[in-house]
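Tertiary structure, described
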Protein chains: 2
Amino acid sequence: MAEERGRRPGSPQTRDSILEAAVASFTAQGYAQTTIRGVAREAGVDPALVMHFFGSKERLFEACVIWPFDPEERMAAVTAGGLDSAGEQVVRLFVDTWDERDGRNPIVALMRTAMSQESSEHLLRDFLHTRLLMPLVTALELDHAELRAGLVASQLLGLGAARYILRFDSLAGLSADEAVACVAPAVQRYLSDPIPTAVT
Amino acid sequence: MAEERGRRPGSPQTRDSILEAAVASFTAQGYAQTTIRGVAREAGVDPALVMHFFGSKERLFEACVIWPFDPEERMAAVTAGGLDSAGEQVVRLFVDTWDERDGRNPIVALMRTAMSQESSEHLLRDFLHTRLLMPLVTALELDHAELRAGLVASQLLGLGAARYILRFDSLAGLSADEAVACVAPAVQRYLSDPIPTAVT
């Protein structure tokens, strides 16, 4: 990104206010219906200032979906207990993160947007695959690393969709501990079980 | 729906052309960016005719997502082999249906739309829950019917998202048989395994 010398960048608080308004809009209204103008209005700033900080709606969106935890750091914690507890640990990381802000957080905004906006698909796929799950299966030295990462991603994505977006009563009503207890065994088997001979 | 006597309804072929154009638009562009005008143009008809048949964009969307199979009939086939094969059968039903039209089918359009458009969430949730999975778990006389249905839904939704929308290479590259072999055991356990004591 080119540095723009001599221009006053505005305060970090202003940038945070814009980000907060943008997360709220992307989450509630989705990508297509979010506008720079609407975000600026909610944040109480001029639209030109939003453009100054972020340059475009797509870049604004990317700035919103900074993961609420550091993937390298948290994946190290997930793998610290070894393979036998990795399934439960990774499901707990997701459920705790999702629950933290009552589902109205950047991950849900990213899921909603990535599912409806092809240009955003790579953000979610790359985050899950490249930054979270490939490091996980690689650290655990598992065979069929890519496939295991994809299968774990499928269950985590589905849990997010069913519990936080479509809100199936039976899943939305579970506590975090209950949700982890139900789903962790499936994720653990994607990590631990032999890959079916049909595929190998 | 009020009957409108005396008005000529147009041919069924015209209605089908509109539906086909609408499915293509909802799938490629999503709900927010699909317009009655655009669908009419693709179908080569006047926008007023689209309104005559469907009344609103939401109703047009609902007409598009008629499931490509009869849920009662297919669920009977899924349960015919008993509990032990139900997991594989239900995953195969979804994968075959998704693969049939190379992912560009109404289910993918519905998933994309339901994830981004709160007003459409109920369509997907009700279809999966009420018409497909509750009849499945009820026919199999399983305990914790709602929770099992929700857990199966989570894995099916996640497979759809990861293989057909986000297109993780490792999952998108599997044949239908391979995908079923990988995911069916997880779905089968959601049907067969005891529900964790943390929840019961």
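The following paragraphs examine the structure supplied in this document. (Residues numbered from 1 in each chain as written. Chains lettered and ligands numbered in written order. Predicted model: local features only at pLDDT ≥ 70, side-chain atom pairs only at ≥ 80, totals over all residues. Heavy atoms only, no water.)

This brings us to helix α4 (residues 57-64) of chain A. Among all positions of α4 of chain A, only Leu 60, Phe 61, Ala 63 and Cys 64 of chain A are buried. Projected down its long axis, α4 of chain A carries its buried residues within an arc of 160 degrees, all on one side. (Buried < 20%, exposed > 50% of the residue type's maximum accessible area, 1.4 Å probe, protein only. Helix = DSSP H or I, 4+ residues; strand = E, 2+ residues; numbered from the N terminus. Arc of directions from axis to C-beta.)

Opposite the 45 residues of chain A that make contact, chain B presents 45 residues. Regarding the contact of chain A and chain B, the summed buried area is about 4,100 Å², with carbon and sulfur atoms giving 65% of it. Area buried by chain A at its contact with chain B is led by Met 115, Leu 166 and Phe 168 of chain A, which between them contribute 18% of it. The tally of links from chain A across to chain B stands at two salt bridges. (Contact = heavy atoms within 4.5 Å. Buried area = accessible area lost by both parts, 1.4 Å probe. Salt bridge = Lys/Arg side-chain N within 4 Å of Asp/Glu carboxyl O.)

If you trace the backbone, Val 23 of chain B turns up in helix α1 (residues 12-29). On the basis of relative accessibility, which here comes to 15%, the residue Val 23 of chain B falls in the buried class.

Here the focus is the relation of the copies chain A and chain B. Here chain A sits on chain B after a turn of 180 degrees about the axis and a move of 0.0 Å along it, with an RMSD of 0.1 Å. Given the turn and translation reported, the copies of this chain are related as if by a two-fold rotation axis. For chain A, the residue whose C-alpha comes nearest the rotation axis is Gly 158 of chain A, separated from it by 1.8 Å. (Least-squares fit on C-alpha atoms with pLDDT ≥ 70 in both.)

Another point: the pattern of salt bridges. Residue and element names in this part refer to chain A. Per the counting criterion, the structure on display carries eight salt bridges over all chains. A salt bridge links Asp 99 to Arg 163, with the nearest nitrogen and oxygen atoms 2.9 Å apart. On the criterion of sequence distance, the pair formed by Asp 99 in helix α6 (residues 83-100) and Arg 163 in helix α9 (residues 145-165) is long-range, its members being 64 residues apart. For Arg 163, a relative accessible area of 6% gives the class buried.

Next up on the list: the nonpolar core. Of all hydrophobic cores here, the largest spans 150 residues; its most connected members are Leu 60, Val 90 and Val 91 of chain A together with Leu 60, Val 90 and Val 91 of chain B. Ranked by the residues each element gives to this core, the list is headed by helix α9 (residues 145-165) of chain B, at 13 residues. Ignoring any residue separated from it by four or fewer positions in sequence, one finds Val 90 of chain B in contact with Met 75, Val 78, Leu 133, Leu 136, Leu 156 and Val 187 of chain B. (Core = buried A, V, L, I, M, F, W, Y, C linked by side-chain atoms within 4.5 Å.)

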